[in-house]
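What follows is the residue order along each chain.
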Amino acid sequence: MNLSKWICLTPAAVLLSLTPLGATVLVIDEDFTTNTTGNWSFTGESTLDGGEYGNLDYRAATSGDDWGFGPHDGAMRWRPEHTGISSDQATLIYQISGVTENASGYTLETTGIHAGNQFTDIYLAIRYEDGSSQWAVSDQSIRTSSGNSAPVPGSWDLSTLTFSSLDYTNLVAGGGSSVSSSTVLENVSGIGIFSIFEDRNWMADNGTYVDSFTVIPEPRIYAAILGLTALGLILWRRRG
């Protein structure tokens, strides 16, 4: 293959060419600076009978406070419905990749994952394949800030996290029994954010805000991929 053509592939395609035969890659890189929630979906659950789950939406850039999260360049937000009744509330915001991938050497980075209230807990959630599709939730929090504050960056090496099972049909139960990190990370088919609060009102200030969400291979490999892509663009322009 002509080098200039090969090197003009997307970062994900270049990485595919560098991985063992049959391997796949997970690359999620979203900063929510445009009016979209991207490929994210959600499910929610509450102890209230007949209660609404709330909604997932985009929050435009703001220079001031935006329901407890500001200033920011744009954010994806899960906002529970308004009600005066105290309850447990949980949601899972996620992307499904459609393939099974080994994410053991990957890193999660964010410019801010925010809880509008100090009582809201936020964790990394991963869908993995082990005979069937299952969900696990990190034992470590990935929330970076609370209250009326600007986004705070965070970074986690996925291999340093431990996981517990997560019942997709009963989110308010939270994490269950422990699951081997290798079982989870070597068989990833989806990734998301699990947020939960107990005995609180469904108010907007209990919302979960995601300023950016990036899951990539270890930084040095990804930097090399981006370098190859940039060089490819230069060569492509010269050919024109």
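**Observations concerning the side chain of Asp-57**
Of note, Asp-57 is situated in strand E3 (residues 55-59). Leaving out residues up to four positions away in the same chain, Asp-57 has contacts with Thr-37, Ala-75, Met-76 and Arg-77.

**Describing the sheet that holds strand E4 (residues 75-79)**
Spatial strand order, E3-E4-E15-E7-E10: 5 strands in an open sheet with mixed pairing. Each edge of the open sheet is held by one strand with a lone partner, namely E3 and strand E10 (145-146). Direction of pairing for E4 relative to strand E15 (residues 208-210): antiparallel, over a ladder of 3 bridges. By the bridge assignment for E15, Met-76 is matched with Val-210.

**Focus on the nonpolar core**
In terms of nonpolar packing, the biggest core is built from 31 residues, with Leu-124, Leu-158 and Phe-213 touching the most fellow members. The element that contributes the greatest number of residues to this core is strand E8 (residues 121-129), accounting for 4 residues. Excluding residues that lie within four positions of it along the chain, Phe-213 makes contacts with Ile-28, Asp-29, Glu-30, Phe-32, Trp-40, Leu-108, Glu-109, Ile-113, Leu-124, Ile-191, Gly-192 and Ile-193. Counting 11 residues, the second largest nonpolar core, distinct from the first, contains Tyr-94, Tyr-123, Ala-125 and Trp-135.

**Things to note about the sheet that holds strand E1 (residues 28-30)**
On the basis of which strands lie adjacent, the open sheet formed by 4 strands has the order E1-E16-E6-E11 and antiparallel pairing. In this open sheet, the two edge strands, each paired with only one partner strand, are E1 and strand E11 (154-157). Taken pair by pair, the neighbouring strands of this sheet meet at an average axis angle of 20 degrees, ignoring direction. Taken together, the 4 bridges between strand E6 (residues 106-110) and E11 define a ladder with antiparallel strand orientation. Across the sheet, residue Glu-109 finds its bridge partner in E11, namely Ser-155.

**A short note on the pairing of strand E9 (residues 133-141)**
Where E8 lies against E9, 6 bridges are found, and the strand directions are antiparallel. Looking at E9, one finds that Tyr-128 is bridged to Gln-134. Turn length for the E8-E9 hairpin, with the two strands adjacent in sequence and antiparallel, is 3 residues, and the turn residue Gly-131 shows positive phi of about 90 degrees. Bridge count between E9 and strand E12 (residues 163-166): 4 bridges; the pairing is antiparallel. Bridging across to E12, Ala-136 finds its partner in Ser-165.

**Considerations on the environment of Glu-45**
Of note, Glu-45 is situated in strand E2 (residues 41-46). Accessibility expressed as a relative area gives 18% for Glu-45, which makes it buried. Sequence spacing of Glu-45 and Thr-91 is 46 residues, and the spatial spacing of their C-alpha atoms is 6.4 Å.

Calculation notes
- Residues numbered from 1 in each chain as written.
- Predicted model: local features only at pLDDT ≥ 70, side-chain atom pairs only at ≥ 80, totals over all residues.
- Heavy atoms only, no water.
- Helix = DSSP H or I, 4+ residues; strand = E, 2+ residues; numbered from the N terminus.
- Contact = heavy atoms within 4.5 Å.
- Pairing = 2+ DSSP bridges.
- Core = buried A, V, L, I, M, F, W, Y, C linked by side-chain atoms within 4.5 Å.
- Buried < 20%, exposed > 50% of the residue type's maximum accessible area, 1.4 Å probe, protein only.
- Axes fitted to C-alpha atoms, helices over the stretch in contact; angles between N-to-C directions.

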